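Spelled out, the chains give:
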Amino acid sequence: AGVDFPARFALGTSPQVVAGVAALVLVVDQGGDQAVHLVGLELETGALRWNVMISSAPGGAPLRPTLGEAEQQLTLVTGQGVIAGIEPRYGELLWLRTYASKGEAGWREGPQGRGQGSAGARRGGNTRDPGLIFTPGLLWCAPPDSDALLCLELETGAGRALLHFPGGKLLGSAKGR
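Residues numbered from 1 in each chain as written. Predicted model: local features only at pLDDT ≥ 70, side-chain atom pairs only at ≥ 80, totals over all residues. Heavy atoms only, no water.

Our next topic: the overall build of the protein. Scanning the protein for helices and strands turns up zero helices and 13 strands. Each helix (α) and strand (β) of the protein, taken in turn from the N terminus, gives the series β-β-β-β-β-β-β-β-β-β-β-β-β. In the protein, which comprises 177 residues, the proportion classed as buried is 44%. Sequence separation of at least 24 residues holds for 40% of the intrachain contacts in the protein that already meet a minimum separation of 6. (Helix = DSSP H or I, 4+ residues; strand = E, 2+ residues; numbered from the N terminus. Buried < 20%, exposed > 50% of the residue type's maximum accessible area, 1.4 Å probe, protein only. Contact = heavy atoms within 4.5 Å.)

Quick look at the structure:
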């Protein structure tokens, strides 16, 4: 068995190996839309173990989704206004959060950790690395399609935007400056 749809590896995204699975991010072109899939391959055989579609948005500039792993959980920032927590052995979606993508306002949370509303409008290329930082129980990131610094609980995805940089870009910090 394999992936039988036209897909390409996500630009700049490294696979994560956890719980006997190699997790890869694929961007799938679907009739003008770009869908972000996370697939799990069995390490020993290379067989497809699971395939989860996380988000989809109208096509445009190439996406730069980012995949990370902490506390035996995968976390994917799609670059389409969506962040997801995935259990790596079975590909179970643990939680999904939407955030204010450029062109939208507000941070939305729904019941059982499910995001509410659209994935957001992407304007231009999302080439900035969101800089995933994991601390015990938390994920810190600055998605490339947002002007916010987000902090989320790894267990539930609950969280909030901590800082906003309207009209600008969050570039990172230079040593002590």
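Among the nonpolar cores identified, the biggest contains 18 residues, and Leu38, Trp50, Ile54, Leu67, Leu74, Leu76 and Ile86 are the most heavily contacted of them. Residue assignment for this core shows that the elements contributing at least two residues are strand S3 (21-30), strand S4 (33-42), strand S5 (48-58), strand S7 (73-77) and strand S8 (82-87). Looking at which element gives the most residues to this core, the answer is S3, with four residues. Val77, Tyr99, Leu132 and Leu139 belong to the second-largest nonpolar core, a separate cluster that totals 12 residues. (Core = buried A, V, L, I, M, F, W, Y, C linked by side-chain atoms within 4.5 Å.)

Attention shifts here to the pairing of S3. For S3, the tally of buried residues reaches eight of 10 residues, placing the bulk of the element in the interior. Relative to S3, strand S2 (residues 16-18) is paired through three bridges, and the arrangement is antiparallel. By the bridge assignment, Val17 is partnered in S3 with Ala22. In sequence, S2 turns back onto S3 through a hairpin of two residues, with Ala19 there showing a positive phi of about 55 degrees. As defined by bridge partners, S3 adjoins S4 across 10 bridges and the pair is classed as antiparallel. The partner of Leu26 across the bridge, within S4, is His37. Counting the residues between successive antiparallel strands, the hairpin from S3 to S4 contains two residues, one of them, Gly31, with a positive phi of roughly 55 degrees. (Pairing = 2+ DSSP bridges.)

Phi at Ala19 takes a positive value of approximately 55 degrees, unusual for a residue other than glycine. A positive phi angle, close to 55 degrees, is found at Glu71, a residue other than glycine. Mapped onto the elements of the fold, Glu71 is located in the loop between strand S6 (66-70) and S7.

On to the sheet that holds strand S9 (residues 92-98), then. The four strands lie next to each other as S6-S7-S8-S9, forming an open sheet whose pairing is antiparallel. In the strand order of this sheet, the two ends are held by S6 and S9, each with one partner. Ignoring which end each strand starts from, the neighbouring axes of this sheet average 20 degrees apart. Relative to S8, S7 runs antiparallel, the two being bridged by four bridges. (Axes fitted to C-alpha atoms, helices over the stretch in contact; angles between N-to-C directions.)

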